[in-house]
Amino acid sequence: MSEATFRTCPTTGLKVDLNAQKLIKANAVAAVVFLAIGGLFGLTVALTRWPAVHLLPADWFYLALTAHGLDVLLLWIIFFEIAVLYFASSTLLNCRIAAPRWGWVAFWMMLAGGLITNVAVLQGQSTVMFTSYPPMMAAQHFYLGLILFAVGALVAVGIFFGTLVIAREERTYEGSIPLVTFGALTAAIIAVFTLASGAVILIPTWLWSMGLISTIDPLMYKLVWWAMGHSSQQINVSAHVAVWYAIAAMLFGARPLSEKVSRGAFLLYILFLQLASAHHLLVEPGLSSEWKVFNTSYAMYLAVLGSMIHGLTVPGSIEAAQRRRGFDKGFFEWLRKAPWGNPAFSGMFMSLVMFGFLGGISGVVMGTEQINIIMHNTLYVPGHFHGTVVAGTTLAFMAITYLLIPLIFQREIRFPRLAKWQPYLFGLGVAGISLFMMGAGTLGVSRRHWDITFADAPLDFSYPEAAFLMLALNGLSAIAAALGGLFYVVVVVASVFFGRKVEGRVALEAPAGKSAVASYGSSESLKIPGTLLLVGVFFVAFVLYYFVNWKYLSDIWPMR
Amino acid sequence: MAITPPTARLWWKEPVHRTELVWIIVAFLWGLVMFFMMIWWHATGEQNLATETYRTTPNAFYAKTEAMVQQYRVRDVNGIPVVRPPVGSDVYMIGRMWLWYPALELVKGQTYRLHLSALDLQHGFSLQPVNINVQVHPGYQHVLTITPDQAGEFSIVCNEYCGLGHHTMLGKIYVTDASGVTP
């Protein structure tokens with residue numbers, strides 16, 4: 001194998017393996033391409049849901065919805081995550097990347113798989129939604145593309161593990177791996193479970209589509225499929241929490257309040273997050289209540305505990321760093337004087353807040369066994385996961401892109417004013433999408449539904465007027481989010497291909513205040529009142545909203 | 001920093017500040033509250049999803065449903081039979097592309113055993129405006145014991161995608177008061 005060549009990053013002093021750099025670039029670019037395609041499909045879906053616009057005909061709506069799910073939920077996010085894994089292993093550990101040729105094999109497999117599945121969907125014979133529940137059957141190459149993609153991603157995850165082993169053997173770092181790499185490792189471990197589950201269910205389903213297997217039990221399929229479908233969202237959570245820590249470190253020099261606590265929280269993810277496959281099976285026949293209660297709660301909410309810990313330690317570490325840097329007045333000087341004009345910070349902080357308030361709370365409430373009865377398969381579900389995966393993961397990934405472009409692509413950001421406003425526009429739009437879909441879902445509106453007026457139905461029914469308003473507001477929010485997404489794609493493409501080459505150091509750090517005060521981080525001097533106030537507000541909102549939904553549940557027909 | 005190895009090599013021996021400890025304890029206890037809330041609701045709440053399930057086949061389930069329709073049909077709505085089954089009896093409802101079959105007429109405050117199954121694909125039983133949502137699978141017969149506590153006309157939407165006519169799939173449950181009148 002050829003010798004690895006490195007460059008030294010003038011900003012961080014890190015040694016960057018050029019093979020890893022090329023792989024990071026390729027995966028990140030593929031991710032952004034699929035984000036653009038999938039985002040466009042998403043916009044058409046939202047505009048069709050808006051009753052006054054009702055853009056697409058029914059067959060195209062369901063096709064666009066299938067493609068939207070695949071392109072953004074699977075392809076954009078996993079390609080980007082592979083880039084993050086390579087960065088967190090090779091770059092942060094000063095190490096050559098393991099088996100770069102296999103990295104290219106993985107990349108081309110994933111790309112081919114993604115394209116094959118997209119072609120299958122666009123041919124119109126695979127309008128089966130992202131979930132492809134049997135007995136509904138897609139074309140053979142729909143499944144084949146997904147399998148290729150999953151195997152490719154598995155190879156890439158293997159390269160991440162290999163790189164960690166090499167770094168350890170060649171002693172490219174001192175002591176333990178950085179927290180961000182630890183978070184990436186968490187994501188990678190969950191990814192193995194996820195992708196293996198995907199292979200276990202998609203391979204027989206593929207054989208079934210070829211006629212080699214007679215039936216696929218629909219309940220069994222759902223159980224195993226969601227071990228991929230939901231767990232892949234847990235890769236996202238681990239990866240975007242790692243990204244939050246990374247951005248806090250790069251902009252503020254923030255160190256974790258406690259390495260032990262933050263790593264412990266990631267460990268809780270590894271142990272418990274995968275149980276959440278059950279979230280999708282709470283109103284299914286044939287499963288016991290004991291099974292549902294234990295699994296849906298991640299064994300007594302231990303993974304939720306992990307997220308609530310990060311919800312304190314991420315803003316807490318920023319607050320501690322900012323106070324040390326001189327912004328020490330009152331509760332919120334540290335936050336007020338944060339670099340809100342820097343899209344890496346504004347994107348990251350909005351991702352943090354919205355993931356907690358919109359995605360997190362709604363997810364736990366909806367995942368409560370009985371409360372799921374009033375939410376299952378309503379628009380509340382996509383409302384929730386646009387709060388986690390779009391406001392949380394996608395916004396965090398967009399934010400770190402503004403740091404990766406100067407550091408890895410070594411290009412200056414083009415159109416900095418556009419970049420400055422991008423996270424706000426996208427974040428606001430996504431917050432609207434999430435809230436208004438949850439609102440419509442609370443009113444009972446079905447997800448994956450072309451016509452909420454039921455104009456062609458043999459019977460009469462209409463959802464309440466308020467639902468129409470919710471879907472109109474959802475359409476407007478989607479336009480804002482799509483514009484924000486477009487700005488992102490324009491800035492990335494312009495910077496990567498036409499940006500000025502970066503020479504020398506990049507000024508990453510946010511400006512500091514007057515003077516640095518005493519050191520922080522020890523168990524004696526921790527002072528984070530602003531963060532405590534924020535988590536206090538979060539906790540009260542969580543508790544109230546949780547019990548309000550039990551009240552809603554108690555109003556429906558008695559059933560047992 | 002979070003992007004560099006921990007400064008203290010023995011980071012797992014560093015003491016944890018009280019602020020973090022208190023939050024961890026609060027979050028853990030809240031998790032326990034939410035966990036036991038589900039169990040408590042099983043013991044005392046009135047809305048719990050039944051787990052009574054049988055394997056069936058589309059033919060067998062259709063035969064049972066059709067027998068009920070023949071016996072208790074009272075009228076039609078847009079060509080779909082409306083069935084008024086005896087109070088407390090076993091009631092069958094089919095989800096198929098693209099109709100919930102048959103329509104039911106139930107009595108307020110009475111309890112019925114509602115059997116749900118699908119003939120072709122998965123469907124989503126979504127009773128509106130009550131907002132009860134249950135997944136319906138082919139091959140599985142799910143028995144919910146329900147007690148309508150409001151009179152009126154209720155619609156069943158399909159909320160699991162089931163092909164191009166999915167958005168036309170509806171069903172009806174009419175709930176009358178004790179004298180047989182639908183308000």
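The rules behind each value
Residues numbered from 1 in each chain as written. Chains lettered and ligands numbered in written order. Predicted model: local features only at pLDDT ≥ 70, side-chain atom pairs only at ≥ 80, totals over all residues. Heavy atoms only, no water. Helix = DSSP H or I, 4+ residues; strand = E, 2+ residues; numbered from the N terminus. Buried < 20%, exposed > 50% of the residue type's maximum accessible area, 1.4 Å probe, protein only. Contact = heavy atoms within 4.5 Å. Areas by Shrake-Rupley, 256 points an atom, 1.4 Å probe, with all protein chains shown as cover. Lys, Arg positive; Asp, Glu negative; His and termini not counted. Charge placed at Lys NZ, Arg CZ, Asp CG, Glu CD. Pairing = 2+ DSSP bridges. Axes fitted to C-alpha atoms, helices over the stretch in contact; angles between N-to-C directions. Buried area = accessible area lost by both parts, 1.4 Å probe. Salt bridge = Lys/Arg side-chain N within 4 Å of Asp/Glu carboxyl O. Polar contact = N/O pair within 3.5 Å; in protein donor to acceptor, adjacent residues only side chain to side chain. Nonpolar A, V, L, I, M, F, W, Y, C, P; charged D, E, K, R; others polar. Phe/Tyr/Trp six-rings, centres within 6.5 Å; stacked < 30°, edge-to-face > 60°. Lys NZ or Arg CZ within 6 Å of the ring centre and 35° of its normal. Domains from an automatic or database assignment. Patch = residues over 30% accessible without salt bridge, like charges linked within 9 Å, V, L, I, M, F, W, Y side chains within 5 Å. Expected span 1.5 Å × (residues − 1). Bend = angle between axes of the 7 residues up to and from the residue. Disulfide = S-S within 2.5 Å.

### Notes on the overall build of chain B
And then number 1: When helices and strands are tallied, chain B shows two helices and twelve strands.
And then number 2: Taken along its principal axes, the extent of the C-alpha atoms in chain B is 80 × 35 × 30 Å.
And then number 3: In chain B, buried positions account for 57% of the 183 residues.
And then number 4: The long-range fraction of contacts in chain B, counting pairs at least 24 apart against all pairs at least 6 apart in sequence, stands at 59%.
And then number 5: For chain B, the computed accessible surface area is about 7300 Å², with 59% contributed by carbon and sulfur atoms.
And then number 6: Across chain B, the mean location of the 12 positive side-chain charges is 6 Å away from that of the 13 negative side-chain charges.

### Some remarks on the sheet that holds strand E6 (residues 103–107) of chain B
Residue and element names in this part refer to chain B.
And then number 1: On the basis of which strands lie adjacent, the open sheet formed by seven strands has the order E2-E3-E6-E12-E11-E8-E9 and mixed pairing. This sheet does not close on itself; its edge strands, each paired only once, are strand E2 (73–77) and strand E9 (132–136). Between one strand and the next, the sheet's axes are offset by a mean angle of 25°, whatever the strand orientation.
And then number 2: With four bridges connecting them, E6 and strand E12 (residues 170–176) associate as parallel partners. Each bridged residue has a counterpart across the sheet, and for leucine 104 the counterpart in E12 is isoleucine 173.
And then number 3: In the packing of helix H2 (residues 58–72) onto the sheet, the strands contacted are E2, strand E3 (80–83) and E6, and the crossing angle to E2 comes to about 100°.

### As for the environment of methionine 210 of chain A
Residue and element names in this part refer to chain A.
And then number 1: Structurally, methionine 210 is set in the loop between helix H5 (179–209) and helix H6 (218–229).
And then number 2: For methionine 210, a relative accessible area of 31% puts it in the partly exposed group.
And then number 3: Distance from methionine 210 to phenylalanine 349, taken between C-alpha atoms, is 48 Å for residues 139 residues apart in sequence.

### Description of the sheet that holds strand E5 (residues 99–101) of chain B
Sheets are built from strands that pair by backbone hydrogen bonding, the pairs being arranged parallel or antiparallel.
Residue and element names in this part refer to chain B.
And then number 1: The five strands are arranged E1-E10-E7-E4-E5 in an open sheet whose pairing can be described as mixed. The open sheet has two edge strands with one neighbour each: strand E1 (53–55) and E5. Each strand axis lies, on average, 25° off the axis of its neighbour in the sheet, ignoring direction.
And then number 2: Across the sheet, H2 touches strand E4 (90–96), E5, strand E7 (112–118) and strand E10 (140–146), and the angle it forms with E4 is around 120°.

### Quick word on the interface of chain B and chain A
And then number 1: Across the boundary between the two partners, chain B contributes 88 residues, which contact 105 residues of chain A.
And then number 2: Note on chain B versus chain A: buried area summed over both sides is about 8700 Å², and carbon and sulfur give 68% of it.
And then number 3: Contact with chain A buries surface across chain B, with Trp23, Trp30 and His167 of chain B losing the most and accounting together for 9% of the total.
And then number 4: Here aspartate 217 of chain A makes a salt bridge to arginine 55 of chain B, at a shortest N to O gap of 3.4 Å.
And then number 5: Linking chain B with chain A are 38 residue pairs in polar contact (both at pLDDT 80 or more).
And then number 6: With 18 residues, helix H1 (residues 18–44) of chain B is the largest single contributor of residues to the side of chain B that touches chain A.
And then number 7: In terms of residue class, the side of chain B that touches chain A is made up of 47 nonpolar, 30 polar and eleven charged.

### A word on the packing of aromatic side chains
And then number 1: In the structure shown here, the tally under the stated rule is 47 aromatic pairs over all chains.
And then number 2: Ring geometry for phenylalanine 61 of chain B versus tyrosine 92 of chain B: centroids 5.7 Å apart, planes at 70°, classification edge-to-face. Taken together, the positions of phenylalanine 61 of chain B in helix H2 and tyrosine 92 of chain B in strand E4 put the pair 31 residues apart, joining distant regions of the chain. The exposure classification of phenylalanine 61 of chain B matches that of tyrosine 92 of chain B, with both residues buried.
And then number 3: Cluster of aromatic residues (ring-pair linked, three or more members): Phe357, Phe538, Phe539, Phe542, Tyr546, Phe547 and Trp550 of chain A together with Trp23, Trp30, Trp40 and Trp41 of chain B.
And then number 4: Just above the ring of phenylalanine 182 of chain A sits the side chain of arginine 263 of chain A; from NZ or CZ to the centre is 5.2 Å.
And then number 5: Positioned above the aromatic ring of tryptophan 11 of chain B is the side chain of arginine 263 of chain A, whose terminal nitrogen or guanidinium carbon lies 4.7 Å from the ring centre.

### Description of the domain arrangement of chain B
And then number 1: Here chain B is partitioned into domain 1 (11–44) and domain 2 (53–176).
And then number 2: Distance from the C-alpha centre of domain 1 of chain B to the C-alpha centre of domain 2 of chain B: 42 Å.

### Describing the pairing of E2 of chain B
Residues and elements named next belong to chain B.
And then number 1: With four bridges connecting them, E2 and E3 associate as antiparallel partners. Along E3, the bridge assignment pairs valine 77 with isoleucine 80.
And then number 2: Turn length for the E2-E3 hairpin, with the two strands adjacent in sequence and antiparallel, is two residues, and the turn residue asparagine 78 shows positive phi of about 45°.

### Digging into unusual backbone geometry
And then number 1: Cis rather than trans, the peptide bond between methionine 97 of chain B and tryptophan 98 of chain B has omega equal to -5°.
And then number 2: Residue placement: tryptophan 98 of chain B occurs in the loop between E4 and E5.
And then number 3: A positive phi angle, close to 55°, is found at alanine 299 of chain A, a residue other than glycine.
And then number 4: With respect to the secondary-structure elements, alanine 299 of chain A resides in helix H10 (residues 298–324).
And then number 5: Assessed through its relative accessible area of 8%, alanine 299 of chain A is described here as buried.
And then number 6: Positioned with a positive phi, methionine 300 of chain A is a non-glycine residue whose angle comes to about 65°.

### So, the pattern of salt bridges
And then number 1: Within this structure, the stated rule accounts for 20 salt bridges over all chains.
And then number 2: Of the charged contacts, one joins glutamate 174 of chain A and arginine 9 of chain B as a salt bridge, the two residues approaching to 3.6 Å between their closest N and O atoms. Here the residue glutamate 174 of chain A occupies a position in the loop between helix H4 (140–169) and H5, and arginine 9 of chain B occupies one in the segment before H1, the pair thus bridging two chains.
And then number 3: Between lysine 329 of chain A and glutamate 333 of chain A there is a salt bridge, with the nearest N and O atoms lying 3.7 Å from each other.

### Remarks on a nonpolar patch on the surface
All names here are of chain A.
And then number 1: A cluster of nonpolar side chains, namely Val29, Val33, Ile37, Val493, Phe497 and Phe498, defines an oily patch on the protein surface of about 520 Å² accessible area.
And then number 2: Secondary-structure elements contributing two or more residues to the nonpolar patch are helix H1 (18–49) and helix H15 (465–498).
And then number 3: Mapped onto the secondary structure, valine 33 falls in helix H1.
And then number 4: Classification of valine 33 as partly exposed rests on a relative accessible area of 42%.

### So, helix H14 (residues 416–442) of chain A
All names here are of chain A.
And then number 1: Over its 27 residues, H14 extends 40 Å from the first C-alpha to the last, a length consistent with the 39 Å expected when each residue adds 1.5 Å.
And then number 2: Along H14, the sharpest change in direction is near 35° and occurs at glutamine 422; proline proline 423 comes one to four residues later.
And then number 3: Positive phi appears at glycine 444, one or two residues downstream of H14, with a value of about 100°.

### Here we look at the state of the cysteines
And then number 1: Going through the model one piece at a time under the given rule, you end up with zero disulfides over all chains.
And then number 2: The cysteine cysteine 162 of chain B is free of any disulfide, with cysteine 158 of chain B supplying the nearest cysteine sulfur at 3.9 Å.

### Some details on the side chain of threonine 393 of chain A
Residue and element names in this part refer to chain A.
And then number 1: Here threonine 393 is to be found in helix H13 (residues 380–407).
And then number 2: Looking at threonine 393, the relative accessible area reads 1%, which means it is buried.
And then number 3: Excluding residues that lie within four positions of it along the chain, threonine 393 makes contacts with Ile77, Asn236, His240 and Thr388.

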